Amino acid sequence: MANAQKLNGPQKAAIFLLTMGEEFTSQIFSKLEDAEIKKLSRAISRIHELPPETITDVLNEFSKALSSPMGMKVKGESFVKNLI
């Protein structure tokens, strides 16, 4: 597996979900649409080995995105509709 800079979004999400475990991933999948689940499932199934530095890179990128002074880009309206 490549370093995090060479990975696309679904690949990074797959690594994140794998590190978080089955229960967490199941909860996330319950909130996604079928097409999103298929895309992530494909990305997860293609992972056979994860070097520690790749995991660290992906988790650090996620952490930086959460603590960015620019905040996160979200679609608030879509989020609320999905919650309801």
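Up top is the structure.
Residues numbered from 1 in each chain as written. Predicted model: local features only at pLDDT ≥ 70, side-chain atom pairs only at ≥ 80, totals over all residues. Heavy atoms only, no water.

Digging into the packing of aromatic side chains
To keep it simple, the criterion reads: Pairing of aromatic side chains here covers Phe, Tyr and the six-membered ring of Trp, requires ring centres within 6.5 Å, and sorts the geometry by plane angle: under 30 degrees stacked, over 60 edge-to-face, intermediate tilted. The buried label goes to any residue with under 20% of its type's maximum accessible area, the exposed label to any with over 50%, and the partly exposed label to all in between, with areas taken from a 1.4 Å probe on protein chains only.
All chains considered together, the criterion is met by 2 aromatic pairs. With a centroid separation of 6.0 Å and an interplanar angle of 80°, the aromatic rings of Phe16 and Phe24 are classed as edge-to-face. On the accessibility criterion, Phe16 (15% relative accessible area) is buried. Clustering of aromatic rings is evident, with ring pairs tying together Phe16, Phe24 and Phe62.

What to know about the packing of helix H1 (residues 9–20) against helix H2 (residues 22–29)
Applied cut-off: Angles here are taken between N-to-C directions and fall from 0 to 180 degrees, while the axes themselves are lines fitted to C-alpha atoms, restricted in helices to the stretch in contact. For the purposes of this entry, the term helix denotes a DSSP run of H or I that reaches at least four residues, the term strand denotes a run of E that reaches at least two, and both are numbered from the N terminus. Orientation labels follow simple angle bins: below 35 degrees gives roughly parallel, above 145 gives roughly antiparallel, 65 to 115 gives roughly perpendicular, and whatever is left gives oblique. Contacts are residue-level and defined by heavy atoms, with any inter-residue pair within 4.5 Å sufficient. Three categories are distinguished: nonpolar for Ala, Val, Leu, Ile, Met, Phe, Trp, Tyr, Cys and Pro, charged for Asp, Glu, Lys and Arg, and polar for the others, with Gly belonging to the last.
Two elements in contact, H1 and H2, have axes whose closest approach is 6 Å; the angle formed by their N-to-C orientations is 130°. What the angle tells us is that H1 and H2 run oblique. For the pair H1 and H2, contact is made by Phe16, Leu17 and Met20 and by Phe24, Thr25, Ile28 and Phe29, respectively. For the contact of H1 with H2, the per-class residue count stands at 6 nonpolar, 1 polar and no charged.

A few points about the environment of Thr54
In this structure, Thr54 sits in helix H4 (residues 52–66). Here Thr54 falls in the buried class, since its relative accessible area comes to 2%. Sequence separation between Thr54 and Asn3 is 51 residues; the distance between their C-alpha atoms is 5.2 Å.

A closer look at the packing of H1 against helix H3 (residues 34–45)
H3 packs onto H1 with a crossing angle of 75° between their chain directions and a minimal axis gap of 8 Å. With respect to their mutual orientation, H1 and H3 come out roughly perpendicular. Residues Pro10, Gln11, Ala13, Ala14, Leu17 and Leu18 of H1 pack against Lys39, Leu40, Ala43 and Ile44 of H3. Considering only residue class, the contact of H1 with H3 consists of 8 nonpolar, 1 polar and 1 charged.

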